[in-house]
Amino acid sequence: MPIMLLSCLCILVLVLPGPCFTAPAFIPEGERSPSTEPQIDLKLATEYLQQYYNLKKEPFGRRKRSWPSFTSKVKDMQIFFGLNTSGVLDSETLEVMRSPRCGVPDVEDYSQNQGTRWNKNIITYSIGRYTRDLPRSTVDSLVESALSVWARASSLTFVRSYTRNADIMVEFVTYEHGDLYPFDGPRGTLAHAFGPGEGIGGDTHFDDAEHWTTGQQGFNLYLVAAHEFGHALGLKHSRNPESLMYPTYNSPRPVNLLSREDVANVNALYGPNRSRPNYLSRYGWSAQHNPWLSGPQFPRLMQNKCAADLTFDAVSTLGDATFFFRETYLWIKHNKQYDIKEGPITNFMPKIETNIDAAFWVPRRSTAYLIHESMFWTVKGSLVKGKPRPLSHFGFPAWVQDVDAAVHIVKTGRTLFFIHDIYWSYNENRRIMDIGYPKYISEDFPGLNTTISAAVHKEGFIYFFVGPQVYKYDYTQKHIVGVEKANTWLGC
Ligand code: ZN
Ligand code: ZN
């Protein structure tokens, strides 16, 4: 593993709430002090400081020399946790050291709130190995909710992928699991996440020896996941106990997981969520201090998505989200969330500086194809791959120089390309055009006798965007079953 990734590793610390803390209160302070088992306490403290405070491992017989450094490391740790800075292993200090905790050297990292960042605003995630503590659907929704904590506060959009090369790979694992940071069985280390980067970067591991729950018992997966995803986005631990990124956690916070500091930190990396100004102003967000807002890539004028005659150039699903392209602007609506991300296409896909005429998504390749005039881009995960390629790749004759709309139908494995009043059918499995095409749209899609702006396939229907309207089309019965305004899809 590259050494730079090592520094990104973070592990969540949890201090158990409730009974675990109330019980020792009955024991007089002095009697549960380290003096009862000094050797064990010293061993615990040494290992703790080596692992989390960068205390150098000394060869045997040289411990005496390292003592001043040991004391200063104890002080560092006490400062981090706001304890009495004595440099002595008092009961309070040992109490924190005994708590399940994190692999990141706190003192080294906390001063630098901003870590590395993803150089994009659409982050893909995928869930690999699940825990057996909870139903899969519960894990899915907790992970999604934990990510949406950050999505609501920033310009980020999370798109679920079903491949193993997603930006954030979520895994439930135990003990040695292939990344040099073995888990330790129940309690202790609960989870860790790697900061943004290729390969293991962004990956988030949960110790499956813990008991994962949705409530107050065991460990609350939503809460731990939200904290870990903060690391996966590049955030470091905070010393502020109000922050989600504080390394210890006392009890599930009901509504706002993020403190003002958490919001400021994620905004410093990715910019705020411009579609939710109220949320940000509640946290005293100031646009003046954010280069993302004042920079040329964030024009202050947003497009009015609710304009009566709004049309789209292309509409496509991409993972769990639907992308709406209009000129060089893009709206992204997550299928299960209400907020919509928007901005110039280049904000999300820096390589694409043009409009998009047609777009389609092939789920089994986790790939979207974005067509502009006679060229198309391939978007895998959330990354635009390489250079645009010519449309002739699909087997079009040379005279086809643009496409109005494209839609992929999973059931048939076909992608349909609509051009004026004709359409082609492309076999994605064999990667060739079907014989007998082009055909007239009006012959195979009775009721549609106009140019199509965009098309998308969802839940067994094809939705044809025609001007400011969208037709819900029953592909098997071959008729229109509904009409609505196109921008109702954006909540208008
Ligand atoms: Zn952490
Ligand atoms: Zn791991």
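Refer to the structure printed above.
Here's a quick rundown of the structure. Just so you know, these numbers come straight off a predicted model, no measurement behind them. In every chain, residue numbers begin from 1 and rise along the written sequence. Written order decides the labels, with chains lettered from A and ligands numbered from 1. pLDDT decides what is reported in this predicted model: residues at 70 or higher carry local features, side-chain atom pairs at 80 or more are listed and counted, and totals for whole chains, interfaces and linings draw on all residues regardless. Only hydrogens and water are set aside; all other atoms, that is, all heavy atoms of the structure, feed into the side-chain values.

## Observations concerning the state of the cysteines
Cysteine sulfur atoms that pair up within 2.5 Å are treated as a disulfide. Counted by the stated rule, this structure contains one disulfide. Sulfur-sulfur distance for the disulfide between C306 and C492 comes to 2.0 Å. As the torsion about the S-S bond is roughly -80°, the C306-C492 disulfide counts as left-handed. Separated by 186 residues along the polypeptide, C306 in the loop between α11 (291-294) and β9 (314-318) and C492 in the segment after β25 (479-485) bring together distant segments of the chain. Secondary structure counts use DSSP, requiring at least four H or I residues in a row for a helix and at least two E residues in a row for a strand, with both numbered from the N terminus.

## Considerations on the packing of helix α7 (residues 136-153) against helix α8 (residues 221-232)
To define axes, lines are fitted to C-alpha atoms, for helices over the stretch in contact only, and angles between the resulting N-to-C directions are given on a 0 to 180 degree scale. Interaxial distance between α7 and α8 falls to 8 Å at its minimum, and their mutual angle equals 45°. Between α7 and α8, the interaxial angle falls into the category oblique. Regarding α7 and α8, the two cross each other, and that crossing is right-handed. From α7, V139, L142, V143, S145, A146, L147, V149 and W150 reach across to α8, where they touch L221, Y222, A225, A226, F229 and G230. To sort the angles, those under 35 degrees are grouped as roughly parallel, those over 145 as roughly antiparallel, those from 65 to 115 as roughly perpendicular, and the leftovers as oblique. In a left-handed crossing the near helix is turned counterclockwise from the far helix by less than a right angle, and in a right-handed crossing that turn is clockwise. Contacts are assigned to residue pairs that have any heavy atoms within 4.5 Å of one another.

## With respect to the coordination of the zinc ion (ligand 2)
Around a metal, the perfect tetrahedron of four donors has angles of 109.5 degrees, and the perfect octahedron of six donors has angles of 90 or 180 degrees. Coordinating donors are taken to be N, O and S atoms lying within 2.8 Å of the metal, or within 3.2 Å when the metal is Na, K or Ca; because water is excluded from the atom set, some sites may appear incomplete. For the zinc ion (ligand 2), every protein donor is listed as H177 (NE2), D179 (OD), H192 (NE2) and H205 (ND1), and the spread of their distances is 1.8 to 2.0 Å. With four donor atoms in place around the zinc ion (ligand 2) and angles of 97 to 117° between them, the coordination shape is tetrahedral. Coordination of the zinc ion (ligand 2) draws on donor residues from a single chain, spaced H-x1-D-x12-H-x12-H in sequence. Of this pair, H177 sits in the loop between β4 (168-173) and β5 (191-193) while H205 sits in strand β6 (residues 204-207), and the two are 28 residues apart along the sequence. The rule is simple: take the accessible area with a 1.4 Å probe, protein chains only, and divide by the maximum for that residue type; under 20% is buried, over 50% is exposed, in between is partly exposed. Since its relative accessible area comes to 7%, H205 is described here as buried. A four-donor site is called tetrahedral if each angle lies between 85 and 135 degrees; a four-donor site is square planar, and a six-donor site octahedral, when trans pairs exceed 155 degrees and the remaining angles lie between 65 and 115; all other cases are labelled irregular.

## Section: the environment of P344
Considering the arrangement of structural elements, one finds P344 in strand β12 (residues 340-344). When the C-alpha positions of P344 and Y329 are compared, they lie 4.3 Å apart, and in sequence the two are 15 residues distant.

## Re the nonpolar core
Within this scheme, the nonpolar core is defined by two criteria: the residues are buried Ala, Val, Leu, Ile, Met, Phe, Trp, Tyr or Cys, and they are joined through side-chain atoms within 4.5 Å. Grouped together as the largest cluster of nonpolar side chains are 42 residues, with contacts concentrated most on W150, F158, I168, F206, W212 and F229. Among the secondary structure elements, those contributing two or more residues to this core are β2 (122-127), α7, β4, α8 and α9 (260-270). Contacts of I168, omitting those with residues within four sequence positions, involve I123, T124, Y125, S126, L147, F158, G202, D203, T204, F229 and A232. The next biggest cluster of nonpolar side chains, apart from the first, holds 21 residues, and it includes A314, A359, W361 and V379.

## Section: α8
Side chains three or four residues apart in an α-helix point the same way, a direct result of the helix having 3.6 residues per turn. Here a helix's expected span is defined as the number of its residues, less one, multiplied by 1.5 Å. For α8, with 12 residues, the first-to-last C-alpha span of 16 Å sits near the 16 Å given by 1.5 Å per residue. In terms of residue burial, α8 counts as a mostly covered element, since 11 of its 12 residues are buried. Downstream of α8 by a residue or two, G234 has a phi angle that is positive, lying close to 110°.

## A closer look at the sheet that holds strand β23 (residues 461-466)
Strand order in this open sheet of four strands is β22-β23-β24-β25, and the pairing throughout is antiparallel. Of all the strands in the sheet, the pair left with one neighbour each is β22 (454-458) and β25. Across this sheet, the average inter-strand angle for adjacent strands is 25°, counted without regard to direction. Paired strands are those between which DSSP finds at least two bridges. The pairing of β22 with β23 spans five bridges and is classified as antiparallel. Each bridged residue has a counterpart across the sheet, and for V456 the counterpart in β23 is Y463.

## Quick notes on the packing of aromatic side chains
Stacked, tilted and edge-to-face are the three classes applied to pairs of Phe, Tyr and Trp rings, where Trp contributes its six-membered ring and a pair requires centres within 6.5 Å; stacked means planes under 30 degrees apart, edge-to-face means over 60, and tilted covers the rest. Under the criterion given, the structure shown has 38 aromatic pairs. Centroid distance Y423 to Y437: 5.4 Å. Interplanar angle 75°. Geometry classified as edge-to-face. Of this pair, Y423 sits in strand β19 (residues 422-427) while Y437 sits in the loop between β20 (432-433) and β21 (439-440); the two residues are 14 residues apart in sequence, bridging distant segments of the chain. For Y437, a relative accessible area of 22% puts it in the partly exposed group. Grouped by ring-pair contacts, the aromatic residues F360, Y369, F376, F394, F396, W399, F417, W424 and Y426 constitute a single cluster. Here the basic side chain of K472 rests over the ring of F461, its NZ or CZ set 4.4 Å away from the ring centre. Across the ring face of F445, the terminal group of K478 is positioned such that the distance to the ring centre comes to 5.3 Å. Charges are assigned to positions over rings by a cutoff of 6 Å between ring centre and Lys NZ or Arg CZ, combined with an angular limit of 35 degrees from the ring normal.

## A closer look at unusual backbone geometry
Here the bond from Y437 into P438 is cis, since omega is 10°, no more than 30 degrees from zero. Structurally, P438 is set in the loop between β20 and β21. The residue Y175 is not glycine, and still its phi comes out positive at about 40°. Relative to the helices and strands, Y175 resides in the loop between β4 and β5.

## Comments concerning the packing of helix α3 (residues 38-52) against helix α5 (residues 91-98)
At their nearest, the axes of α3 and α5 sit 10 Å apart, and the two run at 60° to each other. For the element pair α3 / α5, the angle class is oblique. In this structure, the crossing between α3 and α5 has a hand that is left-handed. Listed contacts from α5 to D41, L44, A45, Y48 and L49 of α3 are L94, V96, M97 and R98. Broken down by class, the residue content of the contact of α3 with α5 amounts to seven nonpolar, no polar and two charged. Gly falls in the polar group here, along with every residue not listed as nonpolar (Ala, Val, Leu, Ile, Met, Phe, Trp, Tyr, Cys, Pro) or charged (Asp, Glu, Lys, Arg).

## What about the pairing of strand β3 (residues 157-160)?
Neither face of β3 is exposed, since T157 and V159 on one face and F158 and R160 on the opposite face are all buried. The pairing of β2 with β3 spans four bridges and is parallel. By the bridge assignment, T124 is partnered in β3 with V159. Crossover connection from β2 via α7 to parallel β3: handedness right-handed. Handedness of a crossover: with both strands directed away from the viewer, a clockwise path from the first strand across the helix to the second marks it as right-handed.

## Digging into the sheet that holds β9
The strand order β9-β10-β11-β12 describes an open sheet built from four strands, whose pairing is antiparallel. On the outer flanks of this sheet lie β9 and β12, each paired with one strand and no other. If you compare each strand with its neighbour and ignore which way they point, the axes differ by 20° on average. Here β9 pairs with strand β10 (residues 321-326) via five bridges, running antiparallel. Bridged to L318 within β10 is A321.

In short, shape yes, function no, at least from these values alone.
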